[in-house]
Amino acid sequence: MAGYFFSFEGPDGAGKTTIIQLVEKFLTEQGFEVISTREPGGIEIAEKIRAVILNPEHKSMDARTEALLYAAARRQHLVERVVPALNEGKIVLCDRFIDSSLAYQGFARGLGIDEVLAINEFAINGCMPSLTVYFDLDPKIGLERINKNKLREINRLDMESFSFHYKVREGYLQLVKRFKDRIIQVDANRTIDEVFEETAKIIMQRIQS
Ligand SMILES: Nc1ncnc2c1ncn2[C@@H]1O[C@H](COP(=O)(O)OP(=O)(O)O)[C@@H](O)[C@H]1O
Ligand SMILES: Cc1cn([C@H]2C[C@H](O)[C@@H](COP(=O)(O)OP(=O)(O)O)O2)c(=O)[nH]c1=O
């Protein structure tokens, strides 16, 4: 595969969507062919799986069921959207990928990072991002940012307690230590311009290396 696969991680409200849009514009202006996507990314089968996961009425969903459904939606999106773009030599910017499952289901839900990694390795079959930018932010600040934006829908994961979201952050910080070569941590508690500049620099370094 000729393209570059980059994923972006962090708590809800960390600024992933905002920064990805800016990075996409920047890279396009530099002459690269870029797509930005997010799971389920408009892929019909993956959308349907995701609707089942995030439906606030599904309070009885078992944690392993949740992890398997995320992995299934990921697989479908990868095959239909990410891999074709990489094969065309494009840069793919993906809002959340495997590390979301490791942090949310593996660590915060307590299923175990290694267990969730195993089912995701099966799902992605070797197609890992070459670089992951993790936006680190106190989840409280992320939720405050989201609450200011009244247009955003509230999903089943948003309804989790604060302690869940703090565990997600702890999970991410463990992943940063474990996958040092792949994950780069960025302090997201700064202005949009500052976060964008650092992110663009990290990505350009990886493309040029
Ligand atoms: N660095 C920042 N400082 C202040 N507000 C921000 C920052 N980055 C994003 N926001 C705002 O926070 C909200 C959530 O941002 P968004 O990019 O949707 O986050 P995510 O995709 O990580 O959930 C949006 O209203 C966005 O404008
Ligand atoms: C991709 C993924 C997301 N999630 C969670 C994170 C979010 O709370 C929720 C919805 O993700 P998403 O639609 O990416 O929401 P946001 O725009 O807030 O980032 O699903 C997992 O728990 N595991 C996963 O593998």
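Structure shown above.
Every value quoted in this text rests on a predicted model; they were computed, and no experiment measured them.

Hey, could you run me through the sheet that holds strand E4 (residues 131–136) in this one?
Through backbone hydrogen bonds, the strands of a sheet pair up, either in parallel or in antiparallel fashion. Taken in spatial order, the five strands make up an open sheet running E2-E3-E1-E4-E5, and their pairing is parallel. Of all strands in the sheet, those bounded by a partner on one side alone are strand E2 (34–38) and strand E5 (183–187). Each adjacent strand pair in this sheet contributes to an overall mean axis angle of 20 degrees, direction not counted. Where strand E1 (residues 4–9) meets strand E3 (residues 91–95), five bridges bridge the pair, whose relative direction is parallel. Bridge pairing in E3 links phenylalanine 6 to leucine 93. Sheet contacts for helix H1 (residues 16–29): E1, E2, E3 and E4; angle to E3, the most-contacted strand, approximately 170 degrees.

Looking at this structure, I do not really get the site of ligand 1. What am I missing?
Around ligand 1, the surrounding shell holds 13 residues, and the nearest of these are Gly13, Lys16, Thr17, Thr18 and Arg190. With respect to ligand 1, the side chain of threonine 18 contributes an N or O atom lying 2.5 Å from an oxygen atom. Note that a nitrogen atom of ligand 1 is positioned 3.3 Å from one of the side-chain N or O atoms of arginine 145. Look at ligand 1: alone it shows 560 Å² of surface, and the protein chains cover 74% of it. Take the shell around ligand 1: its biggest share by element is three residues, from H1. Its residues placed into classes, the shell around ligand 1 shows three nonpolar, six polar and four charged.

Explanation requested: unusual backbone geometry in the structure shown.
Apart from glycine, the bulk of residues carry a negative phi angle, and the bulk of peptide bonds sit in the trans form. Here the residue pair glutamate 39 and proline 40 is connected by a cis peptide bond, since its omega of 5 degrees sits within 30 degrees of zero. In this fold, proline 40 is placed in the loop between E2 and helix H2 (44–54). The phi dihedral of arginine 96 falls on the positive side, at around 75 degrees, and the residue is not glycine. Note on arginine 96: relative accessible area 14%, which makes it buried. Even without being a glycine, asparagine 125 presents a positive backbone phi close to 50 degrees.

How do you make sense of the pattern of salt bridges when you look at a structure like this?
A side chain with one charge may pair with a side chain of the opposite charge, provided their charged atoms come close. Counting across every chain of the model gives 11 salt bridges. Across the salt bridge formed by arginine 169 and aspartate 136, the nearest N and O atoms sit 3.0 Å from each other. With arginine 169 in helix H7 (residues 162–178) and aspartate 136 in strand E4, this residue pair connects regions lying 33 residues apart in the sequence. According to the relative accessible area criterion, arginine 169 is partly exposed, its value standing at 24%.

Calculation criteria
Residues numbered from 1 in each chain as written. Chains lettered and ligands numbered in written order. Predicted model: local features only at pLDDT ≥ 70, side-chain atom pairs only at ≥ 80, totals over all residues. Heavy atoms only, no water. Pairing = 2+ DSSP bridges. Helix = DSSP H or I, 4+ residues; strand = E, 2+ residues; numbered from the N terminus. Axes fitted to C-alpha atoms, helices over the stretch in contact; angles between N-to-C directions. Contact = heavy atoms within 4.5 Å. Near = heavy atom within 4 Å. Polar contact = N/O pair within 3.5 Å; in protein donor to acceptor, adjacent residues only side chain to side chain. Areas by Shrake-Rupley, 256 points an atom, 1.4 Å probe, with all protein chains shown as cover. Nonpolar A, V, L, I, M, F, W, Y, C, P; charged D, E, K, R; others polar. Buried < 20%, exposed > 50% of the residue type's maximum accessible area, 1.4 Å probe, protein only. Salt bridge = Lys/Arg side-chain N within 4 Å of Asp/Glu carboxyl O.

Note that every value here comes from positions in space, so none of it alone points to a role or purpose.
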